[in-house]
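Structural description and commentary
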Amino acid sequence: MIQNLVNPKKFQQPILLKGNSLRELKKFLETMITIRKTEQKLALAREKGLVRGPVHLGVGQEAISVGISKNLKKTDKVFGNHRSHSHLLSLNPNFYKLFAEILGKKTGFSKGMGGSMHLYDKANGFYGSTPIVAGTVSLAVGAAMAAKKSKFKSISVSYLGDGAIEEGVVHECFNLAKMLKLPILFVIENNLFASHMHISNRQPSEFTSRFSEANHIPYKLLDGNNVVAVHENSKKIINKIRNGNGPSILELITFRWYGHVDWREDIDVGVKRSKKDIQEWKKRDPIKRLSQSMIHSKLWSLKKEKKLNDKIDLEIKFAWDKAIKDPFPSKDSIHKYVFSKD
Ligand SMILES: Cc1ncc(C[n+]2csc(CCOP(=O)(O)OP(=O)(O)O)c2C)c(N)n1
Ligand SMILES: [Mg+2]
């Protein structure tokens, strides 16, 4: 059963709805669609040359951060990686500020100084995306240490990929987090690829949560394209962490529809990524599976979904048009925010 998680032909059916109110389910759907459409807009803008820096897109992986973020508080500290649009938008769906940042505008999340891979939104608990693979894992552990020392019941969340697990620092972090019983959730987004290389060419197993056994850290392995399962399981795990039981690892199997970076599909650059696989993984779409379940349960309809899609399309168009017209930061602000002596 668990082995099937990496088979693109499996887990394509509608998901089991349990425990969530209609309001919560609609919110999951709306947030996932919003994140998807935001990233699709970025893909198109990048292809057209309107966006100048690289964008790492997580289309297809939306259920993970949407399911987890619902269980977080604004005082929790979330640390992302290079593919973090969804991590941030799940906490604060302000796609206008994301567009502005990626276009280098003063109104962006990092005042236009960072772009896609240096996002920051402290007010909503997002402590940063960064291009250095595994670069934030130790920061998340440090934040958890601070939270524990201050006896403040906040937790850290560290998003990392199946490629990041291959960095030594991650294993030092697992060990330290366990030894100090820190309030941290490590979320491994296993999309089976690191850049262009499939996990079977890099590791003796397709699952990375096995590393938790070396440090006696509890872990759970799940279908990352099932928002209800992600939400329900992370809720229980986060409650345990919040109540002083130390770290946990949650590994979520998923797949990104785009290639490693920008709008291309990467079917021609490496091993084991065929057009057919991508088509099969698209059938495991986290949005479609939730929507179908809601329709089967007579909680939702295609008509309502069209209305929702139209509304989000319009909001995205408005936000993009506004961000495009926004001013760039002044040249001297770089001394204040990037090369500051303070
Ligand atoms: C320290 C470091 N090594 C290598 C790279 C180049 N690099 C960027 S993303 C990436 C793959 C990361 O894979 P994973 O952690 O699985 O995340 P995904 O891209 O699949 O979301 C690599 C090797 C880097 N940015 N930093
Ligand atoms: Mg990966």
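The paragraphs below set out a description of the structure included in this document. Quantities reported herein were computed from a predicted structural model and do not represent experimental measurements.

Examining the coordination of the magnesium ion (ligand 2)
Protein coordination of the magnesium ion (ligand 2) is provided by Asp 162 (OD), Asn 191 (OD1) and Phe 193 (O), with donor distances spanning 2.1 to 2.2 Å. Of the residues examined, Asn 191 reaches a relative accessible area of 7% and is grouped as buried. Overall, Phe 193 belongs to the buried group, its relative accessible area being 5%.

Concerning the packing of helix H2 (residues 62–69) against helix H8 (residues 227–242)
The interhelical angle for the contact between H2 and H8, taken along N-to-C directions, is 40°, at an axis separation of 8 Å. Relative to H8, the element H2 lies oblique. Note that H2 runs across H8; the crossing there is right-handed. For the pair H2 and H8, the contacting residues are Ala 63, Ile 64, Val 66, Gly 67 and Ile 68 in the first and Val 227, Val 230, His 231, Ser 234 and Ile 238 in the second. Here the residues of the contact of H2 with H8 are counted per class, giving seven nonpolar, three polar and no charged.

Examining the site of ligand 1
Close to ligand 1 lie 15 residues; His 82, Arg 83, Pro 131, Gly 163 and Phe 193 are nearest. Measuring from a nitrogen atom of ligand 1, one finds a backbone N or O atom of Val 133 at 3.2 Å. Here ligand 1 has 580 Å² of accessible area as a free molecule, and 71% of this is covered by the chains. Residue classes in the shell around ligand 1 are distributed as six nonpolar, six polar and three charged.

Basis of the calculations
- The numbering scheme is per chain: residues are counted from 1 as the chain's sequence reads.
- Each chain takes a letter, starting from A, and each ligand takes a number, starting from 1, following the order in which they are written.
- Residues qualify for local features only when their pLDDT is at least 70, as the model is predicted, and side-chain atom pairs are given and counted only at 80 or more; totals for whole chains, interfaces and linings, by contrast, use all residues.
- Where side-chain values are given, they derive from all heavy atoms of the structure, hydrogens and water being excluded.
- Coordinating donors are taken as N, O and S atoms within 2.8 Å of the metal, stretched to 3.2 Å for Na, K and Ca; because water is absent from the atoms, sites can appear incomplete.
- Type-normalised accessible area, obtained with a 1.4 Å probe on protein chains alone, sets the label of each residue: buried when under 20%, exposed when over 50%, and partly exposed for intermediate values.
- Lines fitted to C-alpha atoms define the axes here, with helix axes fitted over just the stretch in contact, and angles between the N-to-C directions of these axes take values from 0 to 180 degrees.
- We count a stretch as a helix when DSSP gives it H or I for four or more residues in a row; a strand needs E for two or more, and each element gets its number in order from the N terminus.
- Convention used here: angles under 35 degrees read as roughly parallel, angles over 145 as roughly antiparallel, angles from 65 to 115 as roughly perpendicular, and any remaining angle as oblique.
- Crossing handedness is defined as follows: a turn of the near helix away from the far one that is anticlockwise and smaller than a right angle gives a left-handed crossing, while the clockwise case is right-handed.
- Only heavy atoms matter for contacts: two residues are in contact if any of them lie within 4.5 Å across the pair.
- Under the convention adopted here, Pro, Cys and the residues Ala, Val, Leu, Ile, Met, Phe, Trp and Tyr are nonpolar, Asp, Glu, Lys and Arg are charged, and Gly plus all remaining residues are polar.
- Throughout, near means a residue has at least one heavy atom within 4 Å of the molecule or strand.
- In the analysis that follows, any N or O atom pair within 3.5 Å is treated as a polar contact, provided that within protein one partner can donate a hydrogen and the other can accept it, and provided that, for residues neighboring in sequence, both atoms belong to side chains.
- Under the convention used here, a 1.4 Å probe and the Shrake-Rupley method define accessible areas, while residue burial counts only the protein chains that appear.

Geometry only, nothing functional implied.
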